[in-house]
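# Secondary and tertiary structure notes
Residue-level listing of the chains:
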Amino acid sequence: MYIHYRRTSYRGAESGVQGVARQGLTGRDRGGGPASTPARAPRNELAPDGQALDGQALDRQALDGLTLDGRGALFDQIKRAVAGQILRGRWQAGQRLPNEAELSSLYGVSRQTVHKAIALLAREGFLVRRRRAGTFVATGRRDRFALPIEDIGDVVAREGRVYEFRIRERKSISNGQGIRWPDLPDGAPILALECLHFSDGTPIQHERRLVSLDAVPEVAEEPFDSVAPSRWLVERVPWSSADHTVRAVNATAEMAALLGVEAGAACLSIRRQTMHLSRPVTLVHFLSVGDRFSLSGSSITDSATELNL
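All values reported here derive from a predicted model rather than from experimental measurement. (Residues numbered from 1 in each chain as written. Predicted model: local features only at pLDDT ≥ 70, side-chain atom pairs only at ≥ 80, totals over all residues. Heavy atoms only, no water.)

## Topic: the overall build of the protein
For clarity, the threshold we go by: Each helix corresponds to a stretch of at least 4 residues labelled H or I by DSSP, and each strand to a stretch of at least 2 residues labelled E; elements are numbered beginning at the N terminus. Each residue's exposure class comes from its accessible area (1.4 Å probe, protein chains only) as a fraction of the maximum for that residue type: buried when under 20%, exposed when over 50%, partly exposed otherwise. Using the Shrake-Rupley algorithm and a 1.4 Å probe, accessible areas are obtained, with residue cover drawn only from the displayed protein chains.
Across its full length, the protein carries eight helices and eleven strands. Within the protein, the proportion of its 309 residues that are buried is 44%. Total accessible area computed for the protein in this model is approximately 16100 Å², and 48% of it derives from carbon and sulfur atoms.

## Some points on the environment of glycine 84
Mapping glycine 84 onto the fold places it in helix α2 (residues 74-87). Considered as a pair, glycine 84 and leucine 66 are 18 residues apart in the sequence and their alpha carbons are 8.7 Å apart.

## Some remarks on the packing of aromatic side chains
Our working definition: Two aromatic rings, drawn from Phe, Tyr or Trp (for Trp, its six-membered ring), form a pair once their centres lie within 6.5 Å of each other, and the interplanar angle then sorts them: stacked below 30 degrees, edge-to-face above 60, tilted otherwise. Cation placement over rings: the criterion is NZ of Lys or CZ of Arg within 6 Å of the ring centroid and within 35° of the ring normal.
Taken as a whole, this structure holds two aromatic pairs when the rule is applied. Ring plane angle 20° and centroid distance 6.4 Å describe the contact between tyrosine 163 and phenylalanine 165, whose orientation is recorded as stacked. One exposure class covers both tyrosine 163 and phenylalanine 165, and it is buried. Arranged with centres 6.0 Å apart and planes meeting at 85°, the rings of phenylalanine 224 and tryptophan 232 form a pair that is edge-to-face. Like tryptophan 232, phenylalanine 224 is buried. For the cation-ring pair, lysine 116 lies above phenylalanine 75, with the distance from its terminal atom to the ring centre recorded as 4.0 Å. Taking NZ or CZ as reference, arginine 130 lies 5.0 Å from the ring centre of phenylalanine 136, over its face.

## Points about the packing of α2 against helix α4 (residues 111-124)
Going by this rule: To get an axis, fit a line to the C-alpha atoms, keeping to the stretch in contact for a helix; angles then go from 0 to 180 degrees between the N-to-C directions. Note on angle classes: values under 35 degrees are labelled roughly parallel, values over 145 roughly antiparallel, values of 65 to 115 roughly perpendicular, and the remainder oblique. For any helix crossing, the convention is left-handed if the near helix is rotated counterclockwise from the far helix by under a right angle, and right-handed if that rotation is clockwise. Contacts are residue-level and defined by heavy atoms, with any inter-residue pair within 4.5 Å sufficient. Classification used: nonpolar for Ala, Val, Leu, Ile, Met, Phe, Trp, Tyr, Cys and Pro, charged for Asp, Glu, Lys and Arg, polar for all others including Gly.
The N-to-C vectors of α2 and α4 enclose an angle of 50°; their axes lie 8 Å apart at closest approach. The orientation of α2 with respect to α4, classified from their angle, is oblique. The element α2 and its partner α4 pack so that their crossing is right-handed. When α2 is examined against α4, the residues Leu74, Phe75, Ile78, Lys79, Val82 and Ala83 are found in contact with a partner set consisting of Thr113, Val114, Lys116, Ala117, Leu120, Leu121 and Glu124. Counted by class, the contact of α2 with α4 contains nine nonpolar, one polar and three charged residues.

## Notes on helix α6 (residues 229-236)
Among all positions in α6, only Pro229, Ser230, Arg231, Trp232 and Leu233 are buried. Considering only its buried residues, α6 is in contact with α5 (152-158), β5 (163-174), β6 (189-199), β7 (202-212) and β10 (279-289).

## A closer look at empty space enclosed by the protein
Threshold: Using a grid of 1 Å spacing that covers the protein atoms alone, one calls a set of points a cavity when a 1.4 Å probe fits there but cannot get out, and a pocket when the set is open and has protein on both sides within 12 Å along at least five of seven lines; lining residues are those with an atom within 4 Å of a point. Grid points are joined across faces, edges and corners, and a volume is the space filled by probe spheres set on the points.
If you add up the space inside the largest cavity, you get close to 140 Å³. Looking at the largest cavity, it is lined by 14 residues, and the ones nearest its centre are Ile149, Leu233, Val234, Thr274 and Thr282. Those elements that provide at least two residues to the lining of the largest cavity are α6, β9 (266-276) and β10. The biggest single contributor to the lining of the largest cavity is α6, with three residues. Considering only residue class, the lining of the largest cavity consists of seven nonpolar, three polar and four charged.

## Here we look at the nonpolar core
Applicable threshold: For this analysis, a nonpolar core means a set of buried residues of the types Ala, Val, Leu, Ile, Met, Phe, Trp, Tyr and Cys, connected via side-chain atoms within 4.5 Å.
Counting residues in each nonpolar core, the largest one holds 26 residues, and the members touching the most others are Leu191, Val216, Val219, Phe224 and Trp232. Secondary-structure elements contributing two or more residues to this core are α5, β5, β6, β7, α6, β9 and β10. Ignoring any residue separated from it by four or fewer positions in sequence, one finds leucine 191 in contact with Arg170, Lys171, Ser172, Arg209, Leu210, Val211, Leu213, Val219 and Phe224. Formed by 23 residues, the second largest nonpolar core is a distinct cluster that contains Ile78, Leu106, Ile118 and Leu127.

## Re α4
The cut-off we apply is this: Expected helix span is computed as 1.5 Å times (number of residues minus one). Starting at the helix axis, one direction is taken to each C-beta atom, and the arc is that of these directions.
Here α4 is 14 residues long and its end C-alpha atoms lie 20 Å apart, about the 20 Å a rise of 1.5 Å per residue gives. For α4, every residue scored as buried is listed here: Val114, Ala117, Ile118, Leu121, Ala122 and Glu124. Looking straight down α4, one finds that the buried residues subtend no more than 160° of arc, so they occupy a single side. Across α4 from its buried face, at more than 90 degrees, point the exposed residues Gln112 and Arg123. One or two steps after α4, the chain reaches glycine 125, where phi turns positive at roughly 90°.

## Quick word on the pairing of β10
This is how it is decided: Strands are treated as partners if at least two bridges between them are detected by DSSP.
The buried count for β10 comes to nine of eleven residues, which makes it a mostly enclosed element. With ten bridges joining them, β9 and β10 adopt antiparallel strand pairing. Note on β10: the bridge partner recorded for isoleucine 270 is phenylalanine 286. The antiparallel hairpin formed by β9 and β10 contains two residues in its connecting segment, where leucine 277 sits at a positive phi of about 55°.

Pasting the structure below:
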């Protein structure tokens, strides 16, 4: 199973164990603009280009709920109003919306404002636009799936177990020097780390991590003798976005020996890159034993968040 994009490879020799540490755990534009008072739908036909190919056009009663909330830019208000009708089940899959001219007349706004709202809803998967046929409520929505960025020490502690980590290797290198980070220029300074994570003394996860020293120069002086790199970064370094790739793999002989499983055992591979304002911060690859680790996330849309649904 794959979730998201890109692939990278890690190369380079492993060094000896640097020691074991037990981590101390603690609990841990929208533009302005005045809102318009929506008017009733215009008297012209909702579908002047003919009947929808799959599903009925929305009737006038269905349009009565399209009131704006007065919060923020007009295109955002229209987007929330339309999404609310869909999320609450008032507009059904396959139904056709009024065209942009009719919606602009309904709200007393420009067609450009309506077009922006419709485009955002299509991007979120609420609507499907078909050339010459019109805009329809989607039959299936592709919501954004969000994986949490959570320190594994917290996960282990939540299960009532003792967490430990081991730094197996640490070195400062230049990008392209045995290891390549695709989103950094060649020669960029990188801190490369290899860690092993334990739950009640049993290895559960192997980690290879790259940290951009241009983005986080202070990490070069951190010894990681009492706090794991993942926790240190989560607590000290801001990030604005994260991309994940998740797949099922079989443990190689080398990884099997480190994780205490048989070669070929089922494992979960997670590749994650965090960014801050389009600047790469860290690139990490986790390999977790399949029956010792679980992963969960949430499907969410921006509109659902804005509507508190």
